[in-house]
Amino acid sequence: MTIAMFVTHVNDGNRQNPYAKAYNGEGTITIEAGTEGEDGETGTTDDENSTLSFYWAGENSQYCCAKALQALPHGPWTHIAIVRDFTNFADFERGLASKFYVNGEYFPTTNCRDQEWADTNFRDADGNYFAQARATEDAATVGSGYVSSHHGNIEDLRVYSRALSAEAIACYAGKRGATDAERAACARM
């Protein structure tokens, strides 16, 4: 699965959901408020320290998340994409089932759960990893979710049922304001 969009955001000191569809299911993107100080206390209005998280759950409803390891770039528009690929089990075992891309480039990402936890909670009775996220009846929302509403703009949101390649994401990130045909060509890469 891939969720991609262009965003602007204003850090009001709260966590924000530009896209939400069940943090305990298909997935929710959260822009985390900037942090300040060594204690990691949140609630500042420092846009340059805002980061990304993606929360989702497997068939057993245990949630997991991916977290970006660096701050979002500050600028008028930023392209963000999250790719969750359960078919690449080598990546899954390294904690990279979900990866962020920002402005078309891989953004260092880590899972918030350790491998022991994933092995316990994301394997079926035969020891295989769950091949998909838990399906829910929750509605997908844009600009709101289980935390604060998104403060900024969202443009050209796209949700794909498959994991797009890094090349397709880079192409798409360079197409803000492009025609539908131009953007569709990226998805075929």
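Residues numbered from 1 in each chain as written. Predicted model: local features only at pLDDT ≥ 70, side-chain atom pairs only at ≥ 80, totals over all residues. Heavy atoms only, no water.

K.L.:
I'd like a rundown of the overall build of the protein, residues and numbers included.
P.N.:
Across its full length, the protein holds four helices and twelve strands. Look at the contacts in the protein between residues 6 or more apart in sequence, and 64% of them connect residues 24 or more apart. (Helix = DSSP H or I, 4+ residues; strand = E, 2+ residues; numbered from the N terminus. Contact = heavy atoms within 4.5 Å.)

K.L.:
Hey, could you go over the sheet that holds strand E1 (residues 2-7) for me, with residue numbers and the actual values?
P.N.:
The strand order across the open sheet formed by five strands is E8-E7-E6-E1-E12, and the pairing between neighbours is antiparallel. Each edge of the open sheet carries a strand with a single partner, namely strand E8 (105-107) and strand E12 (154-160). Averaged over all neighbouring strand pairs, the angle between strand axes comes to 20 degrees, with direction disregarded. Pairing geometry for strand E6 (residues 78-84) and strand E7 (residues 98-102), over five bridges, is antiparallel. Residue pairing across strands places Ile 82 opposite Phe 100, the latter belonging to E7. (Pairing = 2+ DSSP bridges. Axes fitted to C-alpha atoms, helices over the stretch in contact; angles between N-to-C directions.)

K.L.:
Break down the confidence of the model for the protein for me, citing the residues and quoting the values.
P.N.:
Residues of the protein with pLDDT of at least 70 account for 69%, and the chain-wide mean is 76. Mean pLDDT across the elements of the protein bottoms out in helix H1 (residues 89-93) (54) and peaks in E1 (92). For the stretch residues 36-45, pLDDT sits under 50, and the model shows 17 contacts to residues farther than four places along the chain or on other chains. (pLDDT = per-residue confidence, 0-100.)

K.L.:
Can you tell me about the state of the cysteines, naming the residues and giving the values?
P.N.:
Across all of its chains, the model carries one disulfide by this definition. Through a disulfide, Cys 171 is tied to Cys 186; the S-S separation comes to 2.1 Å. Between Cys 171 and Cys 186, the S-S dihedral sits near -55 degrees, and the bridge is therefore left-handed. Taken together, the residues span a long stretch of sequence, with Cys 171 in helix H3 (residues 166-173) and Cys 186 in helix H4 (residues 180-187) at a distance of 15 residues. (Disulfide = S-S within 2.5 Å.)

K.L.:
Run through the pairing of E7, naming residues and quoting values.
P.N.:
If a strand is regular, its side chains alternate between the two faces of the sheet. Of all the five residues making up E7, five are buried; the element is thus mostly covered by neighbouring parts of the structure. Neither face of E7 is open: one carries Ser 98, Phe 100 and Val 102, the other Lys 99 and Tyr 101, and all of them are buried. Note that E7 and E8 share three bridges and pair antiparallel. Looking at the pairing, Phe 100 lines up with Phe 107 of E8. (Buried < 20%, exposed > 50% of the residue type's maximum accessible area, 1.4 Å probe, protein only.)

K.L.:
Can you lay out the packing of aromatic side chains for me, pointing to particular residues and giving the numbers?
P.N.:
The way to describe two aromatic rings as a pair is by their centre distance and the angle between their planes. Evaluated as defined, the whole model comprises three aromatic pairs. Between Phe 6 and Tyr 172, the ring centres sit 6.0 Å apart and the planes meet at 50 degrees, which makes this aromatic pair tilted. Of this pair, Phe 6 sits in strand E1 while Tyr 172 sits in helix H3, and the two are 166 residues apart along the sequence. Assigned by exposure class, Phe 6 and Tyr 172 land together as buried. Measuring from ring centre to ring centre gives 5.9 Å for Tyr 101 and Tyr 106, while their planes differ by 70 degrees; the resulting arrangement is edge-to-face. The exposure class of Tyr 101 is buried, given its relative accessible area of 9%. Of the residues examined, Tyr 106 reaches a relative accessible area of 38% and is grouped as partly exposed. (Phe/Tyr/Trp six-rings, centres within 6.5 Å; stacked < 30°, edge-to-face > 60°.)

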